[in-house]
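Report on the structure
Residues per chain, in single letters:
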Amino acid sequence: VLRCLGIPTRVITNFNSAHDKNLNLSIDKYIDVSGNNLHLSEDSVWNFHVWNESWFVRRDLGSFYDGWQVLDATPQEKSKGIYQCGPASTRAIKEGDVNLDYDSPFVFAAVNADCVTWIRYSKKRKERIYSDTRKIGKFISTKAVGTNSRVDVTANYKYPEVKEISFKIPYSQYKNSLMDDRKILVTAV
């Protein structure tokens, strides 16, 4: 429909797409001390997910966010009380501006969430035992114009993955601090 209106639009496929149900920007898995899955999280990782991008000027957000915008015609979660997703600026997603409207945190997590495994010792005590910061958002792709070739647009959504991050504070404190201001600072390597 958008193409019929003269708005540039393309289909995007995200492989290893995170579905962050609670919007904490991570895909959490909980196990007990025996290694049994506790099914405490509704988060999941899909093999792939498809959405559309359309090219818009964003007077509501400012010209910094002009360009490709994510629109999901098959949203799985309610946003502001109805099933909708977008338009979320791909520039906002790449820069980690998850404090913006239009489902920016959800799309950010779809391409950039951490996969975290926790041991739950009790209702009050858990410990992070594993974190994979590179699993989500692989080979984000669209179809080339005029051919059946794949065009990799991953760089439009995220900076190159860093190899190792060392924390001088506990990871949980770091993650909580990010959620406090709902802003992720992304550093390119």
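Residues numbered from 1 in each chain as written. Predicted model: local features only at pLDDT ≥ 70, side-chain atom pairs only at ≥ 80, totals over all residues. Heavy atoms only, no water.

Turning our attention to the pairing of strand 1 (residues 9-19). Burial analysis of strand 1 places eight of its eleven residues in the buried class, the great majority of the element. Pairing geometry for strand 1 and strand 3 (residues 44-56), over ten bridges, is antiparallel. Bridged to arginine 10 within strand 3 is glutamate 53. Pairing geometry for strand 1 and strand 10 (residues 138-143), over two bridges, is antiparallel. Bridge assignment links phenylalanine 15 to a residue of strand 10, and that residue is lysine 138. (Buried < 20%, exposed > 50% of the residue type's maximum accessible area, 1.4 Å probe, protein only. Helix = DSSP H or I, 4+ residues; strand = E, 2+ residues; numbered from the N terminus. Pairing = 2+ DSSP bridges.)

Moving on, we get to the sheet that holds strand 11 (residues 150-152). What the six strands build is an open sheet, ordered 7-4-3-1-10-11; its pairing is antiparallel. Pairing within the sheet leaves two strands with one partner each, and these edge strands are strand 7 (88-89) and strand 11. Relative to strand 7, strand 4 (residues 67-71) runs antiparallel, the two sharing two bridges. Residue pairing in the sheet places valine 70 in a bridge with alanine 88 of strand 7.

Attention shifts here to the sheet that holds strand 2 (residues 26-31). Across the sheet, three strands lie side by side as 2-8-9; this open sheet has mixed pairing. This sheet does not close on itself; its edge strands, each paired only once, are strand 2 and strand 9 (126-132). Recorded for the sheet is a direction-independent mean angle of 25° between the axes of neighbouring strands. Alignment of strand 2 against strand 8 (residues 114-120), held across six bridges, turns out to be parallel. Paired with isoleucine 31 across the two strands is isoleucine 119, which belongs to strand 8. (Axes fitted to C-alpha atoms, helices over the stretch in contact; angles between N-to-C directions.)

Turning our eyes to something else, we now look at the nonpolar core. One finds Trp51, Ile93 and Tyr157 to be the most contacted residues of the largest nonpolar core, which totals 21 residues. Listing elements by their share of this core, those giving two or more residues are strand 1 and helix 2 (104-112). For this core, the leading source of residues is helix 2, giving five residues. Once you skip the residues sitting within four places of it in the chain, isoleucine 93 turns out to touch Ala88, Ser104, Val107, Phe108, Val111 and Tyr157. (Core = buried A, V, L, I, M, F, W, Y, C linked by side-chain atoms within 4.5 Å. Contact = heavy atoms within 4.5 Å.)

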